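Listed below are the residues making up each chain.
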Amino acid sequence: MNTPRKLKKIHDLLLKHFGPQNWWPGDTNFEICVGAILTQNTNWQNVEKAIGNLKAQKLLTPKALYNLPEKELARLIKPSGYFNIKAKRLRHFLEFLVVSHKGSLKKVFFGEMDQVRDKLLDVNGIGPETADSMLLYAAGLRIFVIDAYTKRIFHRLGYCEKEVSYHDLQHFFMEHLPSNTELYNEYHALLVMLGKYHCKPKPFCEECPLKKICGFPGS
Ligand code: SF4
């Protein structure tokens, strides 16, 4: 079986096991962008609490959040962990959005994807995974998101080195998968489920939907 068919098979097995994920969890594109920053180095349950705090205060608009003092922002997002750092990162993003783009995500996402991506990467605190999550899930652009789960799973499946670079693994997916936003959206969400529930640092292979095609010792 060639690589595109193998990747499709992995996707189909995951989809059959976990069902459609309907990502990204968020009511607006702005909420998705805020969530993409808050989810750095933490799990989604903690992000949900932080987002819930912002929602309860009706602060989930670019202007309202921009007008909030950084200290207060840090207090409200405390459940997401690293809250002082994340408050600073959110401030950088809000300045980029509100001051440089009049608070409009449409203006942020306007233009060639590579140029928009470069602009996002220039914002202090936004790395490739955060930028690509915004591009895929908030802007609906065709870009594959890589995270620590994806690296771990595809290393164990035998497709890459443990220390594969973000760019190389992203290129691998985008070279071998059909160029399709919905597919990229679902595939990443399903890999997160697999990484969360089966392919953990100490893998739980017994119930893993990829068990039959995985050669990792213990699978
Ligand atoms: S079989 Fe085990 S090592 Fe392989 S992907 Fe599943 S959980 Fe990970």
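The residue count restarts for each chain, going from 1 along the sequence in the order it is written. The predicted nature of this model means local features are confined to residues of pLDDT at least 70 and side-chain atom pairs, given and counted, to a pLDDT of 80 or more, with totals for whole chains, interfaces and linings taken over all residues. Values shown for side chains rest on all heavy atoms present in the structure; no hydrogens or waters enter the calculation.

A few words now on the overall build of the protein. A run of DSSP states H or I qualifies as a helix once it reaches four residues; a run of E qualifies as a strand once it reaches two. Both are numbered from the N-terminal end. What the protein contains, in helices and strands, is 12 helices and zero strands. Listing the helices and strands of the protein from first to last along the sequence gives α-α-α-α-α-α-α-α-α-α-α-α. With C-alpha atoms as the basis for the radius of gyration, the globule rule is written as 2.2 Å multiplied by the number of residues raised to the power 0.38. Taking 2.2 N^0.38 as the reference for a compact globule, 219 residues should give roughly 17 Å; the C-alpha atoms of the protein span a radius of gyration of 18 Å, in line with that estimate. In terms of overall dimensions, the protein has a C-alpha envelope of 55 × 35 × 30 Å along the principal axes. Going through the 219 residues of the protein one by one, you find that 46% of them count as buried. Contacts between residues were defined by any pair of non-hydrogen atoms, one from each residue, lying within 4.5 Å. In the protein, of all internal contacts separated by at least 6 residues, the share reaching a separation of at least 24 is 61%. The buried label applies to any residue whose accessible area, calculated with a 1.4 Å probe on protein chains only, is under 20% of its type's maximum; exposed applies above 50%, and partly exposed to all values in between.

To describe a pair of aromatic rings, you give the distance between the ring centres and the angle between the ring planes. Two rings from Phe, Tyr or Trp (for Trp, the six-membered ring) form a pair when their centres are within 6.5 Å of each other. A pair whose planes differ by under 30 degrees is stacked, one over 60 is edge-to-face, and the rest are tilted. Counted by the stated rule, this structure contains 13 aromatic pairs. A ring pair is formed by phenylalanine 93 and phenylalanine 96, whose centres lie 6.2 Å apart and whose planes are at 40°; its orientation type is tilted. Separated by three residues within a single helix, phenylalanine 93 and phenylalanine 96 lie in helix 6 (residues 83-101), roughly one turn from each other. A single burial state applies to phenylalanine 93 and to phenylalanine 96, both of which are buried. Of note, arginine 156 hangs over the ring of phenylalanine 216, and the distance from its end group to the ring centre comes to 4.9 Å. We count a charge as sitting over a ring when the NZ of a lysine or the CZ of an arginine lies within 6 Å of the ring centre and within 35 degrees of the ring normal. A cation over an aromatic ring shows up here: lysine 202 above the ring of phenylalanine 204, its NZ or CZ 5.7 Å from the ring centre.

Here helix 3 (residues 44-56) contains 13 residues, and its C-alpha end-to-end distance of 18 Å stays within 8% of the 18 Å for a straight helix at 1.5 Å per residue. Turning to helix 3, its buried residues are Trp44, Val47, Ala50, Ile51 and Leu54. The buried residues of helix 3 all sit within an arc of 120° when viewed along its axis, so they share a single face. The secondary structure elements touched by the buried residues of helix 3 are helix 2 (29-38), helix 4 (62-66) and helix 5 (70-76). Measuring from the backbone nitrogen of glutamine 45 back to the side-chain oxygen at the start of helix 3 gives 3.2 Å, which picks out asparagine 43 as the cap. Lysine 58 sits one or two positions beyond helix 3 and adopts a positive phi of about 55°. In this scheme, a helix's expected span is set at 1.5 Å multiplied by one less than its residue total. When we speak of the arc, we mean the arc of directions from the helix axis to the C-beta atoms. Residues adjacent in sequence count toward polar contacts only when both atoms are side-chain atoms; beyond that, a polar contact is any pair of N or O atoms within 3.5 Å, and within protein one must be able to donate a hydrogen and the other to accept it.

Domain boundaries in the protein define domain 1 (3-22 + 144-213) and domain 2 (29-138). Each of domain 1 and domain 2 was reduced to a C-alpha centroid, and the two centroids are 26 Å apart. With both chains or domains summed, domain 1 and domain 2 bury close to 740 Å², and 63% of this area falls on carbon and sulfur atoms. Buried area is calculated as the accessible area (1.4 Å probe) missing from two parts once they are joined, with the contributions of both summed. The largest per-residue losses of area from domain 1 upon contact with domain 2 belong to Val145, Tyr166 and Asn185, which jointly make up 52% of the total buried on that side. For this document, the term salt bridge refers to a Lys or Arg side-chain nitrogen within 4 Å of an Asp or Glu carboxyl oxygen. Inspection of the domain 1/domain 2 interface yields zero salt bridges. Linking domain 1 with domain 2 are four residue pairs in polar contact (both at pLDDT 80 or more), by the criterion used here. When contributions to the side of domain 1 that touches domain 2 are tallied by element, the ones reaching two or more residues are helix 11 (166-176) and helix 12 (181-197). Per-element accounting of the side of domain 1 that touches domain 2 gives the leading share, five residues, to helix 12. Asp, Glu, Lys and Arg are counted as charged, while Ala, Val, Leu, Ile, Met, Phe, Trp, Tyr, Cys and Pro are counted as nonpolar; the rest, among them Gly, fall into the polar class. Its residues assigned to classes, the side of domain 1 that touches domain 2 comprises six nonpolar, four polar and one charged. Note that domain bounds follow an automatic or database assignment of domains.

As enumerated under the stated definition, the model contains eight salt bridges in all. Via salt bridges that share partners, Asp27, Glu31 and Lys55 belong to a single interconnected network.

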